[in-house]
Amino acid sequence: MKRVLCIFLCLCCFTGMIGCSAHRSAPENTVAVYYKREKPVYGTADGVIAEARLDSTDHENEHVYLLNQYLKSAPGEGLSLPFPSGVSLVGFKLEGLTAKVIFSNRLADLTGMDLTVALICLTQTIMSITGCHEVIISAASMQLDGQNFVTLNRDSYLLLDDSGSAQE
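For the structure given in this document, a descriptive report is provided here.

The rules we used
- Every residue gets a number counted from 1 within its own chain, in the order that chain's sequence is written.
- Reporting in this predicted model follows two pLDDT cut-offs: at least 70 for local features of residues, and 80 or more for side-chain atom pairs to be given and counted; totals over whole chains, interfaces and linings ignore these cut-offs and use all residues.
- Each side-chain value is derived from all of the structure's non-hydrogen atoms; neither hydrogens nor water enter the calculation.
- The pairing criterion is simple: DSSP has to find at least two bridges between the two strands.
- Secondary structure elements follow DSSP: runs of H or I of four or more residues count as helices, runs of E of two or more count as strands, with numbering from the N terminus.
- Contact between two residues is taken to exist if any of their heavy atoms lie within 4.5 Å; hydrogens are not considered.
- Geometry is summarised by axes, namely lines fitted to C-alpha atoms with helices restricted to the contacting stretch, and by angles between N-to-C directions that run from 0 to 180 degrees.
- Here a pair means two rings of Phe, Tyr or Trp (six-membered ring of Trp) with centres within 6.5 Å. Their orientation is stacked below 30 degrees between planes, edge-to-face above 60, and tilted elsewhere.
- Relative accessibility decides the category of a residue: with a 1.4 Å probe and only protein chains considered, values under 20% of the type maximum give buried, values over 50% give exposed, and everything between is partly exposed.
- The definition of a polar contact used here is a pair of N or O atoms within 3.5 Å, where within protein one atom must be able to donate a hydrogen and the other to accept one, and adjacent residues in sequence count solely through side-chain atom pairs.

1. Structural notes on the sheet that holds strand β3 (residues 79-80)
- Read from one edge of the open sheet, 3 strands run β2-β1-β3, paired in antiparallel fashion. The open sheet is flanked by β2 (49-55) and β3, the only strands paired with a single partner.
- Relative to β3, strand β1 (residues 30-37) is paired through 2 bridges, and the arrangement is antiparallel. Residue Arg 37 lies in a different strand from β3, and its bridge partner there is Leu 79.
- Running over the sheet, helix α3 (residues 112-130) touches β1 and β2 and is turned about 170 degrees from β1.

2. Quick word on the packing of aromatic side chains
- In total, this model carries 2 aromatic pairs according to the counting rule given.
- Residues Tyr 35 and Tyr 70 carry aromatic rings whose centres are separated by 5.4 Å and whose planes lie at 45 degrees to one another, so their mutual orientation is tilted. Highlighted residues: Tyr 35 in strand β1 and Tyr 70 in helix α2 (residues 63-72), separated in sequence by 35 residues. Here the two residues Tyr 35 and Tyr 70 agree in accessibility, since each one is buried.

3. So, the pairing of strand β7 (residues 150-153)
- Here β7 shows one buried face, formed by Val 150 and Leu 152, and one open face, formed by Thr 151 and Asn 153.
- As defined by bridge partners, strand β6 (residues 134-139) adjoins β7 across 4 bridges and the pair is classed as antiparallel. The residue of β7 that forms the bridge with Val 135 is Leu 152.

4. Points about the sheet that holds strand β4 (residues 89-95)
- Strand order in this open sheet of 4 strands is β4-β5-β6-β7, and the pairing throughout is mixed. In this open sheet, the two strands that pair with only one neighbour each are β4 and β7. The sheet shows a mean angle of 20 degrees between the axes of neighbouring strands, direction not considered.
- On the sheet, α3 packs against β4, β5 (98-103), β6 and β7 and is oriented at approximately 130 degrees with respect to β6.

5. Here's the deal with the environment of Lys 93
- In this fold, Lys 93 is placed in strand β4.
- Owing to a relative accessible area of 49%, Lys 93 belongs among the partly exposed residues under this scheme.
- With 29 residues separating them along the chain, Lys 93 and Val 64 place their C-alpha atoms 9.2 Å apart.
- Residues in contact with Lys 93, not counting those within four places in the same chain, are Thr 98, Ala 99 and Lys 100.
- Side chain to side chain, Lys 93 and Glu 95 meet in a polar contact 3.2 Å long.

Read these as spatial facts, not as claims about activity.
Shown next as structure tokens:
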């Protein structure tokens with residue numbers, strides 16, 4: 001009897017884990033876009049940025065259109081645009097798995113952490129929209145924090161703040 005009860009409990013636990021790990025599918029005809037959180041959540045992955053969904057109906061492969069929609073879109077509650085208003089797309093080229101993107105000079109108004117968060121949101125969004133693995137971002141005729149361009153990929157940055165879990 002104990003064995004039957006033990007097997008039953010193990011099956012219940014295993015079934016519960018399968019249900020918890022089920023991957024939720026994204027709504028059809030949408031792409032993931034990323035915004036800055038108004039109030040960062042510390043101690044979690046992506047605590048500074050958050051994913052939102054952008055309607056891509058009839059435009060799934062029109063990368064320039066989707067990027068322009070993202071730049072003009074209003075973020076949801078608790079989120080804010082990571083870049084100044086007036087930032088626009090000047091140039092876009094997809095070469096293999098690398099996207100080369102030129103934005104208006106308004107992007108160069110950002111420096112330090114504000115620029116970092118904006119570039120990460122832009123990179124995550126561009127990778128989501130295009131499926132590319134690397135993004136090269138520049139401003140039309142200005143430098144971004146002293147650099148002509150910034151190259152980012154999924155391994156270029158770390159948004160995990162584990163300082164809350166550190167033992168002192």
